[in-house]
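Structural description and commentary
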2 protein chains.
Amino acid sequence: MSGQLTVPGALTTDLYEVGMALAYLRDGMTGEAVFGLFVRKLPPRRGFLVAAGLESALSYLEGLRVGHTEAAAFAEALHRPVEDLEPLVGLEFTGEVRAVPEGRIVFAGEPLLEVRAPLPQAQLAETSLLNLISHQTAVASKAARCRIAAAGRPVVDFSLRRTQGVEAGLRMARLGALVGFAGTSNVAAATAYGIPAVGTMAHSFVEAYEDEEAAFRAFARAHPGPVTFLVDTYDTEEGVATAARVLRDLGHVPGTGCGVRLDSGDLGDLAVRARRILDAAGLGEVRIVASGGLDEDAIEALVRSGAPVDVYAVGTRVGVSADAPYLDSAYKLAVYDGRPVMKLSAGKVTAPGAKQVFRGPGLADTVGLWDEAPPPGTEPLLGTVMSGGHRVAGPAPLPAVRERFEADLAALPEEARRIADPVAPRPAVSGALAELTERVRHRIERRVFGGRAADG
Amino acid sequence: MSGQLTVPGALTTDLYEVGMALAYLRDGMTGEAVFGLFVRKLPPRRGFLVAAGLESALSYLEGLRVGHTEAAAFAEALHRPVEDLEPLVGLEFTGEVRAVPEGRIVFAGEPLLEVRAPLPQAQLAETSLLNLISHQTAVASKAARCRIAAAGRPVVDFSLRRTQGVEAGLRMARLGALVGFAGTSNVAAATAYGIPAVGTMAHSFVEAYEDEEAAFRAFARAHPGPVTFLVDTYDTEEGVATAARVLRDLGHVPGTGCGVRLDSGDLGDLAVRARRILDAAGLGEVRIVASGGLDEDAIEALVRSGAPVDVYAVGTRVGVSADAPYLDSAYKLAVYDGRPVMKLSAGKVTAPGAKQVFRGPGLADTVGLWDEAPPPGTEPLLGTVMSGGHRVAGPAPLPAVRERFEADLAALPEEARRIADPVAPRPAVSGALAELTERVRHRIERRVFGGRAADG
C-alpha cells in the first residue's frame, strides 16, 4: 500500500541527544527525569492552539529501540568505535507519558505532553517528540481558524500538492478532519483515516478537450454520480453558462449534489454572477465551490460580503500554516531524580516540577503542579496515556477527537476565536507552582552566581 | 532501519486526478501530453531558486503503479463499484521526463520539469510531482541564502525538531548539504546521505548535573574527542569562563576542534565577550558556534557587525522556509496529442508547447521551445532524465549536485544574491515561443469567446 507515513525511529534524532545519552549512561545518571513539552508564546494572529500529534508521538515512543544497526549509525556519526556505543544498545522507551488529548484547545505555557522516564530515554526522544507535536499542533490550529471563518459552511482540504512533503499532506488531511473539515482531496489520507474524499477537475482537463462543453460532457459520461465542473479555464461566466447547460441535460433534477468551482479572479463577485446564472437556469441546488489561495482571512471576507459560496476548499496556505509555519515550542527538563530544575537563559526561563493544567469554565486555565489538589470547579487537562512504555488505551477514533475539539471551541471566549487580532487567554499559575519556581531559582542563583541575578 | 522517507505511491494524489484519468481512458484520450512544472512568480525576498526534488520525483515515477489494492481505494473514495476502476489497473508511468538537474539556479517562468506521457499517466502524477519539487525547491532556495549570508563561514542544519514532519527534516538536511552546508544534527539524514553529523549539548544536560562545571567535565569524560559546550544555560559569561577552565584542563592544546555554543541573548555582543574570555585563557583556537532562531537576515547582520562567530547553526526558520513556506508552482498542460494548449484564467495565463531554457553568460536565460535551435553561446538547461519510464542514469551523487550549485552561484548577478531586496533576473521569451503563444491564444479566443478577450 502506498502513501504510508514516515516512521521516525531511533535515528530520527539530533546527534546531541545521543551524545548526552552516552554521557548520562557513563555517569550512571539513569534516574527518572520529567520533561515537559510546551509552546512558549503563541504566534501572532493565534488566539488558541489545538493540541495535535499525540497519536504519532506515542507510536514513535512505542517503536523507539536502539539496536545494533542504530548503534553502528551513531558510532559513524560520532566518529567513535562501535564498542563505545554499546551502553545504548537495547535502549527502549519504558517510561510514562501524561498528555493533553488531541483536539483540545490549549494556550501558551501549558504542557501538551510530559515524559517521565530514565534520563537517557527521555533525552533521546526529544527531537522527534518536538517535531511531531509542534508541526501538527501548528497546522491543526490554522485549520481550526478556517473552520471558524467559514461560519458553518463546509471546508475541505486541497493542500497535498504544496505541503512540505507528502507526509505533511497526510497529516494536514487528518488534522483538517479533526477540526471539522468535511473532506480531503488526498486519496491516501482518505483511505488511511476514513475521511470523505472530494475532488473536481483541473484546468488541464478542460484544455485537453476541443472545448469546455466537450470536456464537461465527457466528465459527466465518465462519472454517473454528482459532478462539479471547473468553470474558470477560459472565461468564468461563459464557463458557468456552459456548466448550467450540461447540468440541465444531465437530468440530475435539479442538480442535487452537483457544483461549479471558481478558482481565480474576484471570487465574491464571480460567485454572485455564477449564482445568478445557475438560478436563472433553474439550478438553485447546484453548489458553488471556491478555491485558490484561500485562508481564514479570505474565507471570512467572503462570508462577511455575503458571497453565495457553499463550500470553501483550502490548500497551500493552510497546509503549511503560511503565516505561522512553526511554533516556539520547547521540551524542557523539569525534574531530575526528584529534584525540580529550571533554565534561566535570557528570555527563555522555564518552570520546574511536573505539571498539570486545571481548566475552569470558559477555558480559564491554571498551570499547577501534577500532584496538587485541583482548584474547585476545574478539570485536569493532562491524563496518563502511556505507562511502562505502553499506551494505556488504543488510539481515539477521529470522530471522538473531533468532539473534544467541538466542545472546547464552544467554550472558547469570543476574543480568542476572532480571525483578526485575536486575544489569547493567559493561563494563571498556581500558588504552589509559583512558590516552587521561586525556591528553585534562588537555589540555582546562590549556587551559580553567588547571589547575582542571571544574565544581568 | 528507522528514518526512512515516506514513499509516495499511486494513492498519494488528489482525487480529481483519478476522476480525470478515468474520463480520459473512457474516451480513449490516451494521446501524448506534455505537462510543464514551473514557478509562476518568485516569493518576495527571493532573487533566485535552487532546483531541487528531482531525484525524489523520479523515484516516485519509477514506482508509480495502480494495482488492485489502489483501484479498490480509488473506488471507495469515488463511491463507485470497483469494476468501474478496472481501466486504471496496471497503469504505470511509461513516459519521458526532461528536467533541470538538481542544484542549478532557476527563475520564475522556467520549467523545472516537463513530463511527456500518455495523458492519464501524466495527469495522475501531478499532485506528487508538484509536492516534491515545490517543497524541496523552496527549502533549498532558503538554505542557499543562508549559505550566501555566512560569507564563507560554515553553516550547519539543526532544524529537525521543528520541520513540518520528520520527512521534511530529512529533506532539509540533504538540501542544506546540496547548497554547501557543512553538516547536520539529523542522524537519520547523516546516515542516509553521508552528510557530516554535528552536535553539542542541550540546556537540560547542564541542568541535570549539580552545576555547569560538573556537566562540562562529565561530557568531556564521555567524549574523548573535541567537544563543544553550551554556555548560556544560566549566565553566558560565567558559562564561557567555566568552559575555558574545563577546556584548558582537557589538554587538547590549544583547544583545536573544540567550541562553545551561544543560543540566546544578543549573539553578536556575547560572541565578542566570549572571544575575549577564550583568548585571555589562551584558547584562541576554540570556535564560537551561534544558534537560536537564525536565518539569512540574522546571519548577515552578525557577519556585517564583525561578530567573531565561527559557525552558524540554522534551524526552524530555514527548515520551514519561514518567510516563504511555499512556492506559487504550477503543473500545466502545454501540448495534447500534438496540439499546443494554454490556459487564459485571470492572472494565471500559461504558455503552450514543450519548452527548453537556454542559458547565456551571467545566467541570462531565454525560455523557448524544446525543439528550437539554441541561441549562440547558450546552454540548454533541461535534459532528458527519464525515458520509457526509466531513469537514463543513476542519481547524481550529492557532491556533484553541490558543484552544479556552486558554479551557478558564482555566475549569479550580485543583485540576485543580495539578502535584502534582491532583484531576480527575468528570463526572456524566444521569438518562436512568443509566436506560438499568440497563435494558440487567438485560436482559443475565436473558439471560446467568438473574438472577445478572456475574463473581460
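These figures come from a predicted structure and were not determined experimentally.

**Quick look at the overall build of chain A**
- If you tally the helices and strands in chain A, you get 16 helices and 19 strands.
- For chain A, with 456 residues in total, the buried portion stands at 62%.
- By sequence separation, contacts in chain A at least 24 residues apart represent 74% of the contacts at least 6 residues apart.
- In chain A, 47 positive and 56 negative side-chain charges are present, and the distance between their average locations comes to 4 Å.

**Structural notes on the interface of chain B and chain A**
- The interface is formed by 117 residues belonging to chain B together with 117 residues belonging to chain A.
- Together, the buried faces of chain B and chain A total about 9,600 Å²; carbon and sulfur atoms form 54% of this surface.
- Considering only the side of chain B, the residues that lose the most area to chain A are B:Arg161, B:Gln164 and B:Tyr234, jointly responsible for 9% of the buried surface there.
- Viewed at the interface, chain A and chain B are joined by eight salt bridges.

**A look at the environment of A:Gly194**
All names here are of chain A.
- Along the chain, the position of Gly194 falls in the loop between α7 (187–193) and α8 (203–208).
- A relative accessible area of 64% places Gly194 in the exposed class.
- A C-alpha to C-alpha distance of 25 Å links Gly194 and Met386, two positions 192 residues apart in sequence.

**Digging into the relation of the copies chain B and chain A**
- With an axial shift of 0.0 Å and an RMSD of 0.0 Å, the rotation relating chain B to chain A amounts to 180 degrees. Taken together, the turn and the small shift mark the pair as related by a two-fold rotation axis.
- In this assembly the copies share their binding face: 100% of the residues contributing to the interface of chain B also contribute to that of chain A.

**A word on the domain arrangement of chain A**
All names here are of chain A.
- Partitioning chain A into domains gives domain 1 (15–139 + 324–449) and domain 2 (153–319).
- Placing the centre of domain 1 and that of domain 2 at their C-alpha centroids yields a distance of 40 Å.
- Of the residues lining the interface, 19 residues belong to domain 1; the matching set on domain 2 comes to 17 residues.
- Buried area between domain 1 and domain 2, both sides added, is near 1,500 Å², and the carbon and sulfur share of it is 59%.
- One can count three salt bridges joining domain 1 with domain 2.
- Close ionic contact of Arg174 with Glu102 constitutes a salt bridge, the shortest N to O distance being 2.6 Å.
- Linking domain 1 with domain 2 are four residue pairs in polar contact (both at pLDDT 80 or more), by the criterion used here.
- For the side of domain 1 that touches domain 2, the secondary-structure elements that each account for two or more residues are α2 (54–63), α5 (126–149) and α14 (398–411).

**Focus on the environment of A:Thr184**
All names here are of chain A.
- Structurally, the position occupied by Thr184 is in strand β7 (residues 183–184).
- Considering only alpha carbons, one finds Thr184 and Gly194, 10 residues apart in sequence, at a separation of 10 Å.
- When neighbours within four sequence positions are excluded, Thr184 is seen to be in contact with Asp157, Ala173, Ala190, Ile195, Pro196, Ala197 and Val198.

**Quick look at the pairing of strand β15 (residues 364–369) of chain B**
Residues and elements named next belong to chain B.
- Counting buried positions along β15 gives five out of six residues, so the element sits mostly inside the fold.
- Bridging between strand β14 (residues 355–360) and β15 involves six bridges; their strand directions are antiparallel. Of the residues in β15, the one forming a bridge with Arg359 is Asp365.
- One ladder, built from two bridges, connects β15 with strand β19 (residues 428–429); its direction is parallel. Residue pairing for β19: Thr366 is matched across the bridge by Ala428.

**Some thoughts on the sheet that holds strand β16 (residues 379–380) of chain A**
- Taken together, the four strands give an open sheet; going across it, the order is β16-β14-β15-β19 (chain A), and neighbouring strands pair in mixed fashion. The open sheet terminates on both sides in strands that have one partner only, identified here as β16 and β19 (428–429) of chain A.

**A closer look at the packing of helix α1 (residues 15–26) of chain A against helix α9 (residues 212–222) of chain B**
- Interhelical geometry of α1(A) versus α9(B) gives an angle of 95 degrees and a closest axis separation of 9 Å. When the axes of α1(A) and α9(B) are compared, the pair comes out roughly perpendicular. Listed contacts from α9(B) to A:Gly19, A:Met20, A:Ala23 and A:Arg26 of α1(A) are B:Ala218, B:Phe219, B:Arg221 and B:Ala222.
- Taken together, the residues that form the contact of α1(A) with α9(B) break down as five nonpolar, one polar and two charged.

**Focus: the sheet that holds strand β5 (residues 113–118) of chain B**
Residue and element names in this part refer to chain B.
- Strand order across the open sheet formed by seven strands is β13-β12-β1-β5-β3-β17-β18, with antiparallel pairing between neighbours. The open sheet is flanked by β13 (339–340) and β18 (390–391), the only strands paired with a single partner.
- Sheet strands touched by helix α5 (residues 126–149): β1 (32–39), β5 and β12 (329–336). Its angle to β12, the strand with the most contacts, is close to 135 degrees.

**Thoughts on the confidence of the model for chain A**
- Summing up the model confidence of chain A, the mean pLDDT is 94 and the portion of residues at 70 or higher is 95%.
- Listed scores for the predicted complex are pTM 0.96 and ipTM 0.95.

**Some words on unusual backbone geometry**
- Positive phi outside glycine occurs at A:Arg45, with the angle close to 65 degrees.
- Summarising the element assignment, A:Arg45 is placed in the loop between β1 (32–39) and β2 (49–50).
- In this structure, B:Ala151 is a non-glycine residue whose phi angle is positive, near 50 degrees.
- Along the chain, the position of B:Ala151 falls in the loop between α5 and β6 (155–157).

**Considerations on empty space enclosed by the protein**
- A complete count under the given rule lists two cavities of 30 Å³ or more for this structure.
- Its volume calculated, the largest cavity comes out at about 50 Å³.
- Around the largest cavity sit A:Ala51, A:Ala52, A:Gly53, A:Leu54, A:Val100, A:Glu102, A:Leu112, A:Leu113 and A:Ile133, which together line it.
- Class assignment of the residues belonging to the lining of the largest cavity gives a composition of seven nonpolar, one polar and one charged.
- Taken as a whole, the second largest cavity encloses approximately 40 Å³ of empty space.
- In terms of lining residues, the second largest cavity is bounded by B:Ala51, B:Ala52, B:Leu54, B:Val100, B:Leu112 and B:Ile133.
- Its residues placed into classes, the lining of the second largest cavity shows six nonpolar, no polar and no charged.

Calculation criteria
Note on numbering: residues in each chain are counted from 1, in written sequence order. Numbering of ligands from 1 and lettering of chains from A proceed in the order in which they are written. Two thresholds apply to this predicted model, a pLDDT of at least 70 for residue-level local features and 80 or more for giving and counting side-chain atom pairs, whereas whole-chain, interface and lining totals are computed over all residues. Excluded from the side-chain calculations are hydrogens and water; all other atoms, namely the structure's heavy atoms, are used. Secondary structure counts use DSSP, requiring at least four H or I residues in a row for a helix and at least two E residues in a row for a strand, with both numbered from the N terminus. To sort residues, take the accessible area from a 1.4 Å probe on protein chains only and compare it with the maximum for the residue type: under 20% means buried, over 50% means exposed, and anything in between is partly exposed. Every residue pair with non-hydrogen atoms within 4.5 Å of one another is taken to be in contact. Residues counted as positive are Lys and Arg, residues counted as negative are Asp and Glu, and His and the chain ends are not counted. Note on charges: their place is set at NZ of Lys, CZ of Arg, CG of Asp or CD of Glu. Throughout, the accessible surface (probe 1.4 Å) given up by two parts as they are put together, summed over both, is called the buried area. By definition here, a salt bridge exists when the distance from a side-chain nitrogen of Lys or Arg to a carboxyl oxygen of Asp or Glu is within 4 Å. Least squares is used to superpose the copies, and the fit set is the C-alpha atoms of residues whose pLDDT is at least 70 in both copies. These domain limits were set by an automatic method or by a database of domain assignments. Each polar contact in these results corresponds to two N or O atoms within 3.5 Å; when the atoms are within protein, one needs to be able to donate a hydrogen and the other to accept it, and residues that are neighboring in sequence are counted only if both atoms are side-chain atoms. Only when DSSP finds a minimum of two bridges between them are two strands counted as paired. To obtain an axis, a line is fitted to C-alpha atoms, over the contacting stretch when the element is a helix, and the angle between two such axes runs from 0 to 180 degrees between their N-to-C directions. If an angle is under 35 degrees, it is roughly parallel; if it is over 145, roughly antiparallel; if it lies from 65 to 115, roughly perpendicular; otherwise it is oblique. As a working rule, the residues Ala, Val, Leu, Ile, Met, Phe, Trp, Tyr, Cys and Pro are called nonpolar, Asp, Glu, Lys and Arg charged, and the rest polar, with Gly in that last group. pLDDT measures the predictor's confidence residue by residue and takes values from 0 up to 100. Definitions used for this entry: grid spacing 1 Å over protein atoms alone; cavity, a set of points where a 1.4 Å probe fits but cannot get out; pocket, an open set with protein on both sides within 12 Å along at least 5 of 7 lines; lining residue, one with an atom within 4 Å of a point. Grid points are joined across faces, edges and corners, and a volume is the space filled by probe spheres set on the points.

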